[in-house]
Protein chains: 2
Amino acid sequence: MRTLKLIIQYQGAQFSGWQIQPEKRTVQGVVQEILRKILDESVDLVGSSRTDAGVHALGQVAHIKTKSRMPMAKLHHALKRMLPNDISVIKISEERETFHSQKSTKKKTYRYWVWNSSIGHPQLAWMSWQIPTPLNILKMKKAARYLVGTHDFMAFRAADASTKTSVRTIYKIRFRSQLKNTWAFSFFGKISGQFFCIEFTGSGFLKNMIRNIMGTLVDVGREKIPPEEMKKILLSKDRRNAGMKVPAQGLFLVKIDY
Amino acid sequence: MRTLKLIIQYQGAQFSGWQIQPEKRTVQGVVQEILRKILDESVDLVGSSRTDAGVHALGQVAHIKTKSRMPMAKLHHALKRMLPNDISVIKISEERETFHSQKSTKKKTYRYWVWNSSIGHPQLAWMSWQIPTPLNILKMKKAARYLVGTHDFMAFRAADASTKTSVRTIYKIRFRSQLKNTWAFSFFGKISGQFFCIEFTGSGFLKNMIRNIMGTLVDVGREKIPPEEMKKILLSKDRRNAGMKVPAQGLFLVKIDY
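Everything numeric in this text was worked out from a predicted model, so none of it was measured.

### A short note on the overall build of chain A
- Of the regular secondary structure elements, chain A holds 5 helices and 10 strands.
- The C-alpha atoms of chain A give 19 Å as radius of gyration, which agrees with the globular expectation for 258 residues (18 Å, within 12%).
- Seen through its principal axes, chain A has C-alpha atoms that stretch 60 × 50 × 30 Å.
- For chain A, the proportion of its 258 residues judged to be buried stands at 59%.
- At a minimum sequence separation of 6, the contacts of chain A that also span at least 24 residues come to 73%.
- Roughly 11,600 Å² of accessible area belongs to chain A as shown, and the carbon and sulfur atoms make up 49% of that amount.

### Remarks on the packing of aromatic side chains
- Summed over all chains, the structure comprises 15 aromatic pairs over all chains.
- Taken together, Trp126 and Phe252 of chain A together with Trp126 and Phe252 of chain B form an aromatic cluster joined through their ring pairs.

### What about the side chain of serine 93 of chain B?
- One can find serine 93 of chain B in strand 4 (residues 87-95).
- Discounting residues that sit within four places of it in the chain, serine 93 of chain B has contacts with Thr3, Leu4, Lys5 and Met72 of chain B.

### Considerations on a positive patch on the surface
Residue and element names in this part refer to chain A.
- Residues Lys106, Lys107, Lys172 and Lys255 make up a contiguous surface patch of positive charge.
- With respect to the helices and strands, lysine 106 occurs in the loop between strand 4 (87-95) and strand 5 (107-115).
- Judged by its relative accessible area of 56%, lysine 106 is exposed.

### Looking at the pattern of salt bridges
Residue and element names in this part refer to chain B.
- All told, the structure shown has 30 salt bridges over all chains when counted by the stated rule.
- Across the pair lysine 37 and glutamate 33 runs a salt bridge whose closest N-O atoms are separated by 4.0 Å. Note that lysine 37 and glutamate 33 are positioned in helix 1 (residues 27-39) at a spacing of 4 residues, about one turn of the helix.
- On the basis of relative accessibility, which here comes to 32%, the residue glutamate 33 falls in the partly exposed class.

### With respect to the environment of lysine 107 of chain A
All names here are of chain A.
- Its place among the elements puts lysine 107 in strand 5.
- In this structure lysine 107 comes out as partly exposed when scored by relative accessible area, which is 34%.
- As a C-alpha pair, lysine 107 and methionine 127 span 20 residues in sequence and 23 Å in three-dimensional space.
- In this structure lysine 107 touches Tyr171, Thr201, Gly202, Lys255, Ile256 and Asp257, once residues within four positions along its chain are discounted.

### What about the domain arrangement of chain A?
Residue and element names in this part refer to chain A.
- Looking at chain A, the domain boundaries give domain 1 (2-95) and domain 2 (107-257).
- Between domain 1 and domain 2, the C-alpha centre-to-centre distance is 27 Å.
- Contacts between the two partners involve 14 residues from domain 1, matched on the other side by 15 residues from domain 2.
- Together domain 1 and domain 2 conceal approximately 1,100 Å² of surface at their shared face, both sides included; 57% is due to carbon and sulfur atoms.
- For the interface between domain 1 and domain 2, the tally reads 1 salt bridge.

### Some thoughts on helix 5 (residues 229-236) of chain B
Residue and element names in this part refer to chain B.
- Residues of helix 5 that are buried: Met230, Ile233 and Leu234. One face of helix 5 carries all of its buried residues, which in axial projection span an arc of 100°. Turned more than 90 degrees away from the buried face of helix 5, the exposed residues are Lys232 and Leu235.
- In the stretch just after helix 5, lysine 237 is the one whose phi turns positive, near 55°.

### Describing unusual backbone geometry
- A positive phi angle, close to 65°, is found at glutamate 223 of chain A, a residue other than glycine.
- Relative to the helices and strands, glutamate 223 of chain A is located in the loop between helix 4 (209-221) and helix 5 (229-236).
- Overall, the relative accessible area of 48% leaves glutamate 223 of chain A in the partly exposed class.
- With phi around 55°, lysine 237 of chain B is a residue other than glycine that occupies positive phi space.
- As for its placement among the helices and strands, lysine 237 of chain B is situated in the loop between helix 5 and strand 10 (251-257).
- For lysine 237 of chain B, a relative accessible area of 46% gives the class partly exposed.

### Things to note about the pairing of strand 5 (residues 107-115) of chain B
All names here are of chain B.
- Among the 9 residues in strand 5, 8 count as buried, and that is most of the element.
- Two strands pair when backbone bridges link them, and strand 5 and strand 10 are joined in this way by 6 bridges, in the antiparallel orientation. Note on strand 10: the bridge partner recorded for lysine 107 is aspartate 257.
- Strand direction decides the pairing type here: strand 5 and strand 9 (residues 195-202), joined by 8 bridges, are antiparallel. Looking across to strand 9, one finds that valine 114 is bridged to phenylalanine 196.
- Summarising the sheet, strand 5 and strand 6 (residues 129-130) pair through 2 bridges and their orientation is parallel. Within the sheet, the bridge partner assigned to valine 114 lies in strand 6 and is tryptophan 129.

### Some remarks on the side chain of serine 48 of chain A
- Looking at the element boundaries, serine 48 of chain A is found in the loop between strand 2 (46-47) and strand 3 (56-66).
- Once residues within four sequence positions are removed from consideration, serine 48 of chain A is found in contact with Gln60, Val61, Ser101, Gln102, Thr105, Lys108, Ile256 and Tyr258 of chain A.

### Let's talk about the packing of helix 3 (residues 137-145) of chain A against helix 4 of chain A
All names here are of chain A.
- For the pair helix 3 and helix 4, the least separation of the axes is 8 Å and the interaxial angle reads 135°. Accordingly, the angle class assigned to the pair helix 3 and helix 4 is oblique. Judged by the sense of rotation from one axis to the other, the crossing of helix 3 with helix 4 is right-handed. Contact with helix 3, carried on its side by Lys139, Met140, Ala143 and Ala144, involves Leu217, Val218, Val220 and Gly221 of helix 4 and no other residues of that element.
- Here the contact of helix 3 with helix 4 is built from residues that sort into 6 nonpolar, 1 polar and 1 charged.

Calculation criteria
- Residues numbered from 1 in each chain as written.
- Chains lettered and ligands numbered in written order.
- Predicted model: local features only at pLDDT ≥ 70, side-chain atom pairs only at ≥ 80, totals over all residues.
- Heavy atoms only, no water.
- Helix = DSSP H or I, 4+ residues; strand = E, 2+ residues; numbered from the N terminus.
- Rg over C-alpha atoms; globule rule 2.2 N^0.38 Å.
- Buried < 20%, exposed > 50% of the residue type's maximum accessible area, 1.4 Å probe, protein only.
- Contact = heavy atoms within 4.5 Å.
- Areas by Shrake-Rupley, 256 points an atom, 1.4 Å probe, with all protein chains shown as cover.
- Phe/Tyr/Trp six-rings, centres within 6.5 Å; stacked < 30°, edge-to-face > 60°.
- Patch = residues over 30% accessible without salt bridge, like charges linked within 9 Å, V, L, I, M, F, W, Y side chains within 5 Å.
- Salt bridge = Lys/Arg side-chain N within 4 Å of Asp/Glu carboxyl O.
- Lys, Arg positive; Asp, Glu negative; His and termini not counted.
- Charge placed at Lys NZ, Arg CZ, Asp CG, Glu CD.
- Domains from an automatic or database assignment.
- Buried area = accessible area lost by both parts, 1.4 Å probe.
- Arc of directions from axis to C-beta.
- Pairing = 2+ DSSP bridges.
- Axes fitted to C-alpha atoms, helices over the stretch in contact; angles between N-to-C directions.
- Parallel < 35°, antiparallel > 145°, perpendicular 65-115°, else oblique.
- Left-handed = near helix turned anticlockwise from the far one by under 90°.
- Nonpolar A, V, L, I, M, F, W, Y, C, P; charged D, E, K, R; others polar.

Structure representation (structure tokens):
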């Protein structure tokens, strides 16, 4: 048996998320079926993160255990040929038997993109959430600082989630904007500061945690609540105090470190 | 009567092109109907370029003649509120009575994007055409030079087109790549030279002209035909000699100069 690691990219719009579900089009379902055809063997594609419907990935990681002796290059070539255009396996490698996409995880990075303008941007709508009113980024940064570190993030966990513990560690929250010349998408040549993302790096994230945190940060940015409120919401461990769950299309699973 | 000029951006995937057609979702149809509701008046939205189904625009220009005295800011605000997320009116201004989106045109710029890699890119698939085998860009540039200037482009015109003359002037063809750090879309941080566009600026373009030229340039890039063949194809004025019409999603109407 070989243990193979796959790095997978996908555009989330046409999927009901990563996890296989009957009657639904899922990333795991599509890739697993194609692998079964290529390897002529039923394999379990074990993904690191179960991304929600609509969420994208630049660097999802998954592993399979297979009896097949097929060379990596041949397997990769077959995948390139057979995958639909909203999924791509960008790298495939053989790992030690102990590698596990979920258990071997050291940290995960996600990004959420915001288009902060009253004028919609059709070329960015698929990958961002439009907020028409100007956001106070300074206040958002102030609020975000309360979330860094090891905390019980119960207040930002989906009500229907069920994990042993809701304690997680956020190593870093970084505000980034694509200020460089992005003439590919813009009539004006530059998109400017209105197009930015918030990048979260942590030990792992609870169900809907980033999207719920984003909703709360946006409330701070809209000056609905002061930055200090974030600390109170966190300590309350009560989902009802946090902001709304923001739309899925702005979220990217960027990479997973092992 | 006032003459208003609109600069319109759209993501072409969910439209049957610019031009209004019965029973079809078109950009002109959607915007015209929304204007009718806002201005309470039937207006003709006259677009500069009739982009095909699937083609995108960063800077389409259209004009209307209206009796309405509504201030520009109010009209723009109403448009922002009512437009779907795949269309955006980025600017609206009052022009002199003699302004005409089609007749006042000085030059038009289009771009066609190519993703030249055997590994698909799900985040770029909506806006580019994937060509798995490496292209010889030098030869493509050589071939493109034969097209610059005033020529009869009959060989690149759609068979079912009907304009008075097929003579047009291409002022410039420019190969550009988004080599800068495009970390927003890439696991690797950079997308590199595999993601490039060919930018065409001309007096005007015949039906399918750019897409047919692209198909021929790609034949040169694949080394199916030598660069000099482009000159022969041009002079033959025979559509059957040119390459295939490339997919619509890679094409952007970038801007129109007046």
